[in-house]
Amino acid sequence: METSYSSLPKRTIAVGGMTCAVCVNRVEKAIHAVEGVSSAVVNYGTEQATIEFDPSVVELDTVKQAIVDAGYTTMDLAEVRQAHLEAKEAAHRQELKNLWRKIMAGIFVSVIAMSAMFVGGQTPSVIRIKLVVLLLITTPIQFWAGWRFHRGAVVALRHFFADMNVLISIGTFAAYIYSLIITIVAFFVVQPDSVNYYETSAMIITLILIGKFLEERAKGQTSEAIKKLIRLQPMTAQLIRDGQLVEVQIDQVEVGDQIIVRPGEGIPIDGVIVEGQSSVDESMVTGESMQVQKEIGSQVIGGTINGAGSFTLEVTRVGSDTTLAQIIQLVEEAQGSKAPIQKLADRIAGIFVPVVIGIAMVTFISWMMISPDISMALSNFIAVMIIACPCSLGLATPTAIVVATGRGAELGILIRDGESLELAHQIETIILDKTGTITEGKPSVTDIIAVNDFSEDQLLVISASVESRSEHPLGQAIIAACQKKGLVVDLDAVNNFEVIVGFGLMATVDGQTVHIGSRRWMEKSGIKNLLGQDVDNEIRFANQNKTIVWVAIDQALAGIIAIADPIRPTSKRAVEALQRSNIEVYMMTGDNPLTAKSVAESVGIDHYIAQVLPGEKDMQVQILQQEGKVVAVVGDGINDAPALARADIGIAIGSGSDVAIEAADITLVNSDLADVISALRLSQKTFRTIKWNLFWAFFYNVLGIPIAAGLLFPVLGERFLLNPMIAAAAMSFSSVLVVTNSLRLKTAKLS
């Protein structure tokens, strides 16, 4: 019998040792040669192989061995991410060590160079000896310690642009070359000039390296959130295989496998509990400090920590599909993205550097015209070049974005990119879905009223049979009610199943045509006799915040099922907080007007629209946008996806559908409406931080450049001539200040 590969699992593994496109073909052929493999796609750029295979025929280890036998190496993506993190941390530590060595050497040389100004006499021979000694000790600082700046300057100039490296390199080389010329000339004149800038060159490089060291150490802290997330993933799992407990690598686990989790262990992978119960600490993923009680049927997230109980879980997601892997990917993408305000800062910095070089040249020429003293002209030229380095301008936005997205992830607020983070604090109108957003999304059947000779059990079984093909929360409530009563649902009896989005379902059950959904769906389908007591019941239930599901069989009304979905305890408080922030709150739902009105009044929403189809939600967003409003939509279902995508900011509830989460800009892992407020406050605090960073960067340059150029000298005298070394210290301080200010977001209070 031929195996069907239509629904086989896909796994992605890392492949090492590939050097060209030929290697890609070799790896693909090696994988395809393994029996049970349906397809294999190898990407040379990412060094990954995506494999589709039949786990009943072949194990992933066999596929990996085939790759190894072909002369290459393999590693699970979680291991690759962990190895990459370790390598990155090792490289960061090494970078800090290298910087520290250069700083120590720079301080030692700078102290000697500064001391030389006050040691010995001014006889020609002493001056010559001093100059030679200074040349010998400062040359390594200029070329070895300052190499990163000179190399960066060459790369920049080769591509016809100028950056901070160009300013530092030109400034220090101006001081060094001038001093070198003085040293050479000293051996050809009777009375050599003792004025040199060796100590200036060395001190500038040393001070800037100190700033870089502090900056790098602080920047290392900005990505702590992503490091914590990566470290959450356990590398092994206790797998039940043939009745035996076997410890396996996490990449060997497949969907459907059963894993035992002992007390205090990290839960290795996403799954659903099939045996046992426990409390689970989900704080590292959701930000919620209280442990969550889990029992049979409860979903658990890989990377969270089990409490005192023990349980068996059945794996539901593996590899890059797990919640933790998706969170890591989302945070990585967000931290690598640029907010619009950063793009503006980058453009300004691109213009700023050439302008500064021009100002420095004008400063030098002007001082040469004013005074024949070249040393003063050169000193001011160097001071302008150094103090105007746009380091703080370049750091102002990205450091804040990285810290903010990391902080958000710690609290269960996942932000897709910098643009979303920037726009969130500008929201004027927010549209809330009802089911699963304002309400808990855990509906339960409260009342069943059968009519026209149908029994309650018959109504429930037929409804559950049709709903078994649907993922709608109301449908799941009907199925749960059926199971609770011990009624048997015949899944094979359902045929011709069809979803009519925004209205309901239609199918045939044992040859009977069944319509399930809203009253509008009944009317649209031509179902008769909807008046009288049934409508009275609908009004009564709606006033109790219950949703009515109408059921018709063979064009005759069979009855109604009332379903209650409790309002989240935090919803009213969240709505009030939004309104206090001058944000206009709307509620839109596909539910009937009576239930919609009751729920809206319960949480204090004035604007609500009922019986809305997905396309109409999208249209309502457009109408508000045409009024010039910045609109956010909060939803959890597939029917919310068009509106989430259309909105300026789409916010998905984490317990919602994958489609909704994919369409959203922000995902709330906790599924708590109160986190909408936290997300908006995070955006506000982030952009307040960015504005302060940019203000400081611009203010520092606007104030510093005129002083460095000597514009205050004619009025206030030599006290207001800026020494190049002080300029270097000020430039370094500005960068450290910006990074430190951004790090304050790590402890920002959002609740």
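Preceding this section is the structure that the text describes.
Residues numbered from 1 in each chain as written. Predicted model: local features only at pLDDT ≥ 70, side-chain atom pairs only at ≥ 80, totals over all residues. Heavy atoms only, no water.

J.: So what exactly am I meant to see when it comes to the overall build of the chain here?
T.: From N to C terminus, the chain includes 28 helices and 25 strands. Residues classed as buried in the chain amount to 52% of the 751 residues present. For the chain, restricting intrachain contacts to residue pairs at least 6 apart in sequence, the fraction spanning at least 24 positions comes to 69%. For the chain, the exposed surface amounts to about 33700 Å²; the carbon and sulfur share of it is 58%. (Helix = DSSP H or I, 4+ residues; strand = E, 2+ residues; numbered from the N terminus. Buried < 20%, exposed > 50% of the residue type's maximum accessible area, 1.4 Å probe, protein only. Contact = heavy atoms within 4.5 Å. Areas by Shrake-Rupley, 256 points an atom, 1.4 Å probe, with all protein chains shown as cover.)

J.: Looking at this structure, how should I read the side chain of S683?
T.: The residue S683 is located in helix α26 (residues 674-709) in this model. Overall, S683 belongs to the buried group, its relative accessible area being 0%. One polar contact links the side chain of S683 to the main-chain carbonyl oxygen of L421, over a distance of 2.5 Å. Not counting chain neighbours up to four residues away, the residues in contact with S683 comprise L421, E422, A424 and H425. (Polar contact = N/O pair within 3.5 Å; in protein donor to acceptor, adjacent residues only side chain to side chain.)

J.: Hey, could you run me through the environment of G16 in this one?
T.: Among the structural elements, G16 can be located in strand β1 (residues 10-16). By relative accessible area, G16 is classed as buried at 17%. Placed 51 residues apart in sequence, G16 and I67 show a C-alpha to C-alpha distance of 9.7 Å. Every residue in contact with G16, bar those within four places of it in the chain, is listed here: Y72 and T73.

J.: I'm lost on the sheet that holds strand β13 (residues 413-415) in this one. Help?
T.: Across a sheet, strands are paired by hydrogen bonds formed along the backbone, either parallel or antiparallel in direction. Taken together, the seven strands give an open sheet; going across it, the order is β13-β25-β24-β23-β14-β21-β22, and neighbouring strands pair in mixed fashion. Because the sheet does not close on itself, it has two edges, and the strands there are β13 and β22 (607-609). For this sheet, the mean angle separating the axes of adjacent strands, direction not counted, is 20°. Inspection of the sheet shows β13 paired to strand β25 (residues 666-668) by three bridges, in the antiparallel sense. By the bridge assignment for β25, I413 is matched with L668. (Pairing = 2+ DSSP bridges. Axes fitted to C-alpha atoms, helices over the stretch in contact; angles between N-to-C directions.)

J.: Quick question: what am I supposed to make of the pairing of strand β6 (residues 244-249) here?
T.: Each regular strand displays side chains that alternate between the two surfaces of the sheet. Here strand β5 (residues 236-241) runs beside β6; their pairing, made up of six bridges, is antiparallel. Bridge assignment links A237 to a residue of β6, and that residue is V248. Count of turn residues in the β5/β6 antiparallel hairpin: two residues, of which D242 carries a positive phi of about 55°.

J.: How should I be thinking about the packing of helix α14 (residues 398-410) against α26 in this particular structure?
T.: Any two packed helices are characterised by the angle at which their axes cross and by the distance between the axes. Interhelical geometry of α14 versus α26 gives an angle of 160° and a closest axis separation of 10 Å. What the angle tells us is that α14 and α26 run roughly antiparallel. Judged by the sense of rotation from one axis to the other, the crossing of α14 with α26 is right-handed. In contact with T399, A400, I401, A404, R407 and G408 of α14, α26 contributes L682, T686, F687, T689, I690 and N693. The class makeup of the residues in the contact of α14 with α26 is six nonpolar, five polar and one charged. (Parallel < 35°, antiparallel > 145°, perpendicular 65-115°, else oblique. Left-handed = near helix turned anticlockwise from the far one by under 90°. Nonpolar A, V, L, I, M, F, W, Y, C, P; charged D, E, K, R; others polar.)

From the geometry alone we can't say anything about function, so treat these as descriptive.
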